[in-house]
Amino acid sequence: MLNFLVKRFFSMALVLLVVSITIFIVMHLLPGDPAAIMLGPEATNEDVAALKAEMGLDKPVLIQFIEWTGRIVRGDLGNSLFFQNRSVPNVIFDHLEATVLLTLLSLGMATLIGIITGVLAASTHESIFDRSFMLFTSMAVAIPNFWLGLMLVLGFAIMIPIFPAAGYSPLKEGIWSCLSYLVLPSITLAAGAVALIARMTRACMLDVLQNEYIRTAKAKGVRQSIVIFKHALRNAIIPVVTVIGMSFANLMGGAVVTESIFNIPGVGRLLIKSVFTRDYPVIEGVVLYIAIAWTLINLMVDIIYTIIDPRLEY
Amino acid sequence: MSKKEKSGSRRTLEKFMKNPTAVFGVFILLVMLIMAVFASPIATHDPLEINPGDRLMAPGAQHWFGTDRMGRDIFSRVVYGSRISLIVGFSVVLLTSFFGTFLGLVSGYFKHLDEIIMRILDGLMAFPGLILMIMIMAVLGRSLTNVIITLAIVYTPRMARVVRGAVLVQKEQTYVEAARAIGASSMRILFIHIPRNCIAPIIIQGTMIFAYVILAESALSFLGVGMPPETPSWGVVISSGKVFLRRAPWICFFSGISISLCVLALNSIGDGLRDVLDPRLNRKG
């Protein structure tokens, strides 16, 4: 296990190096000129050149990259240009609560509903429930989440006003009011993931249910619910864990869209706002944070494998 | 093409046509394609024509899908929107198929290049797709070409991985050994013999990428970082209707239905193709 962790850690470091090179290339080497974009169309060439010098963009690319990496490794992501020169990690931290709550709530919802409906569909294979389940999941994958969000607002905030249409109430002002603001956004964000997790659970359960040991268990008179949840699900769950891990990445991407629809002050909306205010250090910081989070989640998924399936050896 | 091969592809087509969901997908996609190609005769109005007298009109005889806050006809904008979505979709699929196949072939065939190429692709895939797209679009700026370039950068690694997997299987096959034995060069084997046998996974992955691209383009445009604001793209239309959800829900409604139908159609075609082209995958559902 220790061996595996060390190996996994090194490959993670390699991926993060490539990630930072990618961010650097996109932000510094693509044809768009950050200095010119930041100053807007009215800026003179001298203004642009002065800002370029200030940002270090006039130095050779290799020097720029070394300096940039050095700063990143020290955790110095620079200062926001929009939020009164506050440091980027501080700005991101202020927006973290809403995103973390939204993503976790959606992931929890997607995992619970996905696994339960997937198991039910597999155990009632080819029934009306199973067929409508397949239709529903195909639709859930195809519907764009920003549109689903707007339709939910139309249905459950405007036509039948049960939930708030938009906004956010921080956790410190009470858990219930916070949750009431997060119900519609979480459903919006979770829909696609529910479908993916449910489909994978169904497919894996159908595979496992054909095994000899399931027939034996049934023949011995073990109760159906125990056969399904204890014998079959445990063996069907590993590919499902992979899909849950993958869904996490999609949720982090989807959070940007969901936060924009519901005006939630999270990291995703911060990213979009920074694109509009041309706050390059914040864009860079948010993307880097999300990539690190995603890489760590991948590592966690790998560790979870070894816990749920002791046969796996690394 | 020999007679035997013809009957093989005909069999595949017959099998594909027996799958009702896949046929439904082809039908919807054909409708979208006709809408995109013949947008000007089909549309009842100019999609860009501003008509303040008709602003926020509900669906009716004059404006089938209603109008937006500038009095623009939503039906015509949705019809023209199919053109944008399909142009973006086809262009990105072509670009990803070309670059993805090239990278996948080289990476699967040459072991020493594999590590380098795969690590770079891993790095690109270490971002949630939408986040990487937003970052690239932030630097490039809003335009049709930039959306296509951005989506191609983000989806090429996904194609390359699939092709690489197929190449790893193909290069161990007897026909490769035979080609080498009769003196075929590595280049000939790599760029002529192997790609012919990797077409099925490329087509399947291409269809799936097409669906992702339509969703991604509309999401970027909805967020205001994709298509320029005046373009009649489905995402832009929904974005413009967001503020009027209470007064004029039809602005958002019809574009959303179009995106969903288009993606549903492509996913059904992809699933159908996978069933007939990749019989090893004994999928249940």
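Note that the coordinates shown come from a computational prediction; the quantities given were computed from them, not determined experimentally.

**Considerations on the overall build of chain B**
Here's step 1: Broken down by element type, chain B carries 12 helices and zero strands.
Here's step 2: Along chain B, from the amino end to the carboxyl end, the secondary structure elements read α-α-α-α-α-α-α-α-α-α-α-α.
Here's step 3: Projected onto its principal axes, the C-alpha positions of chain B cover 75 × 45 × 35 Å.
Here's step 4: Counting only residues that meet the buried cut, chain B has 48% of its 285 residues in that class.
Here's step 5: Long-range contacts, defined as pairs at least 24 residues apart, comprise 69% of the intrachain contacts of chain B with a sequence gap of at least 6.

**Regarding the overall build of chain A**
Here's step 1: Per the secondary structure count, chain A includes 13 helices and zero strands.
Here's step 2: Counting every position in chain A, which comprises 314 residues, the buried fraction comes to 38%.

**Concerning helix α8 (residues 174-181) of chain B**
Here's step 1: Here α8 of chain B lies mainly on the outside; zero of its eight residues are buried.
Here's step 2: Two residues or fewer past α8 of chain B, G183 of chain B is found with a positive phi of approximately 95°.

**A short note on unusual backbone geometry**
Residues other than glycine predominantly adopt negative phi, and peptide bonds predominantly adopt the trans conformation.
Here's step 1: Even without being a glycine, N263 of chain A presents a positive backbone phi close to 50°.
Here's step 2: The topology assignment puts N263 of chain A in the loop between α11 (224-261) and α12 (267-276).
Here's step 3: Its identity is not glycine, yet L56 of chain B carries a phi of approximately 50°, on the positive side.
Here's step 4: Along the chain, L56 of chain B falls in the loop between α3 (39-42) and α4 (74-109).
Here's step 5: Among the residues examined, L56 of chain B registers 16 C-beta atoms within 10 Å and is labelled partly exposed.

**Brief notes about the environment of I269 of chain B**
All names here are of chain B.
Here's step 1: On the secondary structure map, I269 appears in helix α12 (residues 250-277).
Here's step 2: I269 sits 136 residues away from M133 along the chain, and the two C-alpha atoms are 26 Å apart.
Here's step 3: For I269, the contacting residues outside a window of four places in its chain are A22, G25, V26, L29 and T207.

**Some thoughts on the interface of chain B and chain A**
Here's step 1: Counting residues at the interface gives 38 residues for chain B, matched by 43 residues for chain A.
Here's step 2: Residue assignment for the side of chain B that touches chain A shows that the elements contributing at least two residues are α5 (111-125), α6 (129-140), α10 (199-223) and α12 of chain B.
Here's step 3: With nine residues, α6 of chain B is the largest single contributor of residues to the side of chain B that touches chain A.

**Re the nonpolar core**
For soluble globular proteins, the rule of thumb is that nonpolar side chains tend to be buried together.
Here's step 1: In this structure, I197, V286 and V287 of chain A together with M133, I134 and L151 of chain B are the most contacted members of the largest nonpolar core, which totals 159 residues.
Here's step 2: The biggest single contributor to this core is helix α9 (residues 175-209) of chain A, with 17 residues.
Here's step 3: Setting aside anything within four residues of it in sequence, one finds L151 of chain B in contact with V88, V92, M133, V213, A216 and E217 of chain B.

**A short note on helix α11 (residues 234-241) of chain B**
Here's step 1: Buried residues dominate α11 of chain B, accounting for eight of its eight residues.
Here's step 2: Residues of α11 of chain B that are buried include every one of W234, G235, V236, V237, I238, S239, S240 and G241 of chain B, and no others.
Here's step 3: Check the buried side of α11 of chain B and you find it contacts α8 (145-159) of chain A together with α4, α10 and α12 of chain B.

**Points about the packing of helix α7 (residues 128-142) of chain A against α9 of chain A**
All names here are of chain A.
Here's step 1: Two elements in contact, α7 and α9, have axes separated by 8 Å at closest approach and are oriented at 140°. As summarised for this structure, α7 and α9 are arranged oblique, according to the angle between their axes. Considering how the two elements wind past one another, α7 and α9 form a crossing that is left-handed. Note on element contacts: α9 touches α7 through A191, G192, V194, A195, L196, A198 and R199, opposite T137, A140 and V141.
Here's step 2: Across the contact of α7 with α9, the residue classes tally to seven nonpolar, two polar and one charged.

**Considering the confidence of the model for chain B**
Residue and element names in this part refer to chain B.
Here's step 1: Mean pLDDT over chain B stands at 90; residues scoring 70 or higher make up 95%.
Here's step 2: Looking at the elements of chain B, mean pLDDT is at its lowest for helix α1 (residues 3-17), recorded as 74, and at its highest for α4, recorded as 95.
Here's step 3: Here the predicted complex scores 0.89 on pTM and 0.88 on ipTM.

**Points about the environment of M134 of chain A**
Residues and elements named next belong to chain A.
Here's step 1: Locating M134 in the fold gives a position in helix α7.
Here's step 2: With 18 C-beta atoms counted inside 10 Å, the residue M134 sits in the partly exposed group.
Here's step 3: Between the alpha carbons of M134 and A219 there is a distance of 30 Å; along the sequence they are 85 residues apart.

**Description of the environment of V276 of chain B**
Here's step 1: By secondary structure assignment, the location of V276 of chain B is in helix α12.
Here's step 2: Taking C-alpha positions, V276 of chain B is 6.6 Å from K15 of chain B, a pair spaced 261 residues apart along the chain.

Conventions adopted
- Residues numbered from 1 in each chain as written.
- Chains lettered and ligands numbered in written order.
- Predicted model: local features only at pLDDT ≥ 70, side-chain atom pairs only at ≥ 80, totals over all residues.
- Helix = DSSP H or I, 4+ residues; strand = E, 2+ residues; numbered from the N terminus.
- Buried ≥ 20, exposed ≤ 12 C-beta atoms within 10 Å, placed from the backbone.
- Contact = placed C-beta atoms within 7 Å.
- Core = buried A, V, L, I, M, F, W, Y, C linked by C-beta atoms within 7 Å.
- Axes fitted to C-alpha atoms, helices over the stretch in contact; angles between N-to-C directions.
- Parallel < 35°, antiparallel > 145°, perpendicular 65-115°, else oblique.
- Left-handed = near helix turned anticlockwise from the far one by under 90°.
- Nonpolar A, V, L, I, M, F, W, Y, C, P; charged D, E, K, R; others polar.
- pLDDT = per-residue confidence, 0-100.

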